[in-house]
Amino acid sequence: MNICTWIYCDGVHEESDYPQVGHRSFSRKFQEVYWRCVAVFFATSRRMNPTARHLLYTNASEIPSVDGFDLNGFLRERLGVEVVRMELTYRTPPGYYGSWKNQFYLFDILKSIAAAEEDDTEPYLVLDSDCVWLRSAGEIEKAIGRHGLLTMTADVDHDTEFVMNGLSRRQMKGLYEELLGHPLPGIPYYYGGEWFAANAGEFRRVMAELGGVWEQSMQRFAGGKAKFNEEAQMLSYVYDKLGYESRTANVFIKRIWTQLTGFNNVEEQDRQLTLWHLPSEKKLGIARLYAEVIREESAFWQTDGGAAYVDYMAAVMGVPKRSVAKTLKDARALIFHKLLQRVN
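A brief look at the structure comes next. Every chain's residues receive numbers from 1 upward, in the order its sequence appears when written. Since the coordinates come from a predicted model, pLDDT governs what is reported: local features require at least 70, and pairs of side-chain atoms require 80 or more to be given and counted, while whole-chain, interface and lining totals use all residues. Only hydrogens and water are set aside; all other atoms, that is, all heavy atoms of the structure, feed into the side-chain values.

### So, the packing of aromatic side chains
Within a pair of aromatic rings, the relevant descriptors are the distance that separates the centres and the angle that separates the planes. For this analysis, a ring pair means two rings from Phe, Tyr or Trp (six-membered ring only for Trp) whose centres lie within 6.5 Å, classed as stacked if their planes differ by under 30 degrees, edge-to-face if by over 60, and tilted for the remaining angles. Taken as a whole and judged by the stated rule, the model has 23 aromatic pairs. Geometrically, the ring pair formed by Tyr8 and Tyr105 is tilted, given 5.2 Å between the ring centres and 55° between the ring planes. Of this pair, Tyr8 sits in the loop between β1 (2-7) and α1 (28-48) while Tyr105 is found in helix α3 (residues 105-115), placing the two residues 97 residues apart along the sequence. Per residue, the accessibility class of Tyr8 equals that of Tyr105, and both read buried. Seen in terms of ring centroids, Tyr239 and Tyr244 are 6.0 Å apart; in terms of plane orientation they differ by 85°. Their pairing is edge-to-face. Each member of the pair, Tyr239 as well as Tyr244, carries the same accessibility label: buried. Here the aromatic residues Tyr124, Tyr189, Tyr191, Phe196, Phe203, Tyr239 and Tyr244 are joined through ring pairs into a cluster of three or more. Here the guanidinium or amino end of Arg47 rests over the ring plane of Phe300, the centre of that ring lying 5.8 Å away. To sit over a ring, a charge needs its Lys NZ or Arg CZ within 6 Å of the ring centre and within 35 degrees of the ring normal. Over the face of the ring belonging to Tyr96 we find Lys227, whose NZ or CZ atom lies 4.6 Å from the ring centre. Secondary structure follows DSSP: runs of H or I at least 4 residues long count as helices, runs of E at least 2 residues long count as strands, and numbering of each begins at the N terminus. Burial classes: relative accessible area under 20% of the type maximum marks a residue as buried, over 50% as exposed, and values in between as partly exposed (1.4 Å probe, protein chains only).

Here is the structure:
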């Protein structure tokens, strides 16, 4: 099994706005948030998947020290992560959409894997770095063997009118029909872009379609027409066009929102998942877990696997229930970050 994540480090002239993180995206403080996520992602995966091949895709010329810790040595030597350096080529023109610009780096990763001389059955899993592992990828690998490609619906899949990144599912249906030239029997799903799991053969099949979708989207933008605004919408269209079965990944992963004040979709059954995607925990639970991960004698490394490990992760991330201690820590951290943003 090949388990991958990525970090794209914006340059000064590539600045994007990420409200969850704050700071300017080219700043060291901003990028350190994601480097901590990368370390936690691979540490949790190495604990649960000791024999898997781990790959980090990045444009960074070097892996920095974070909080005075040699992250480069930790990833390469302690965790055995292979670092693949790659530039962003899927660049949208000015004014295309939204406040972030590097989400299409995923397409460069998919293209690179599709072009590799791999057997068609070789399984790959590409994930956002703010995911943590609770269990082995063994069942995921088996599911890839059965389906070829696994799809994950996002947390708005029940609402056909909710607008996600400029398009609702109903609006996506109209755009699909325009591009395909025929009506659809139902409203298509919106699939999360934080997950791409498939064998190498399906990577090639998807990329054969994705290039055309990208070009169509750029042309439609130039002509002022409705278009796909981000990577998940383009992938959703390709999945639908190629006829992949829906929700085959939802048994393994969920986009879990743990906001102290705001949207919260945590459920007791989340403890049974293989992975948690935790966008709200980048500067909270994941940052605290990073401090544990980089210490060999910490509870993270010393806790036995199985139920004890899940209990440990649940306490750190507040899933399925945030403890009083975590609530106080989160509130203090959020107040501090807001004050710092005002000062900046």
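### Overview of the pairing of β1
Within β1, 6 of the 6 residues are buried, which leaves the element mostly enclosed by the surrounding structure. Side-chain alternation along β1 places Asn2, Cys4 and Trp6 on one buried face and Ile3, Thr5 and Ile7 on a second face that is also buried. A pair of strands counts as paired when DSSP detects no fewer than two bridges linking them. Inspection of the sheet shows β1 paired to strand β2 (residues 53-58) by 6 bridges, in the parallel sense. Residue Cys4 lies in a different strand from β2, and its bridge partner there is Leu55. Both β1 and strand β4 (residues 123-127) contribute to a ladder of 3 bridges, which runs parallel. Across the sheet, the residue bridging to Cys4 is Val126, located in β4.

### Concerning the pattern of salt bridges
Side chains bearing opposite charge may pair, as long as their charged atoms lie close to each other. Each reported salt bridge corresponds to a side-chain nitrogen of Lys or Arg within 4 Å of a carboxyl oxygen of Asp or Glu. A full pass over the atoms with the stated rule returns 25 salt bridges. A salt bridge links Asp120 to Arg204; its shortest N-O distance comes to 2.5 Å. Note that Asp120 is positioned in the loop between α3 and β4 and Arg204 in helix α6 (residues 200-222), a separation of 84 residues in sequence. A salt bridge links Lys241 to Glu209; the nearest nitrogen and oxygen atoms lie 3.0 Å apart. With Lys241 in helix α7 (residues 231-242) and Glu209 in helix α6, the pair connects residues that are 32 residues apart, well separated along the chain. Under the relative-accessibility criterion, Glu209 is labelled partly exposed at 23%. Several salt bridges share partner residues, and in doing so they unite Glu281, Arg288, Arg322, Lys326 and Asp330 into one network.

### Considering the sheet that holds β2
Sheet strands line up and pair through hydrogen bonds in the backbone, either parallel or antiparallel. Across the sheet, which stays open at both edges, the 6 strands sit in the order β3-β2-β1-β4-β7-β6 with mixed pairing between neighbours. The open sheet has two edge strands with one neighbour each: β3 (81-85) and β6 (149-150). Residue contacts follow a heavy-atom distance rule, with two residues in contact if any of their heavy atoms lie within 4.5 Å. Here the axes come from fitting lines to C-alpha atoms, over the contacting stretch only for helices, and the angles between their N-to-C directions go from 0 to 180 degrees. Contacts from α6 reach β4, β6 and β7 (195-199), with the element oriented near 115° to β7.

### Regarding the nonpolar core
Buried residues of nine kinds, namely Ala, Val, Leu, Ile, Met, Phe, Trp, Tyr and Cys, make up a nonpolar core once their side-chain atoms join them within 4.5 Å. Core analysis: the biggest nonpolar cluster contains 63 residues, and Trp35, Leu75, Trp133, Ile140, Trp195 and Trp276 have the highest contact counts within it. Ranked by residues supplied to this core, first place goes to α1 with 12 residues. Once residues within four sequence positions are removed from consideration, Trp276 is found in contact with Asp130, Cys131, Val132, Leu134, Lys254, Ile256, Asp270, Arg271, Met313, Ala314, Met317 and Val319. Counting residues in hydrophobic clusters, the runner-up holds 47 residues, among them Met86, Tyr90, Ala154 and Met172.

### A word on helix α4 (residues 138-147)
Residues three or four positions apart in an α-helix share a direction because the helix packs 3.6 residues into each turn. Along α4, the positions that sit buried rather than exposed are Ile140, Ala143 and Ile144. Mapping the buried residues of α4 onto a view down its axis gives an arc of 105°, with all of them on the same face. Facing away from the buried side of α4 by over 90 degrees, the exposed positions are Gly145 and Arg146. On its buried side, α4 packs onto β4, β5 (131-133), β6, β7 and β9 (275-277). Looking one or two residues past α4, Gly148 carries a phi angle of roughly 90°, positive in sign. For this quantity, the arc is that covered by the directions from the helix axis to the C-beta atoms.

### With respect to the sheet that holds strand β8 (residues 253-255)
Pairing is mixed in the open sheet, where 3 strands are placed in the order β5-β9-β8. Here the strands that pair on one side only, and so sit at the sheet edges, are β5 and β8. Direction aside, the axes of adjacent strands within the sheet are offset by 15° on average. Sheet analysis places β8 next to β9, joined by 3 bridges and oriented parallel. Counterpart to Ile253 in the pairing with β9 is Leu275.

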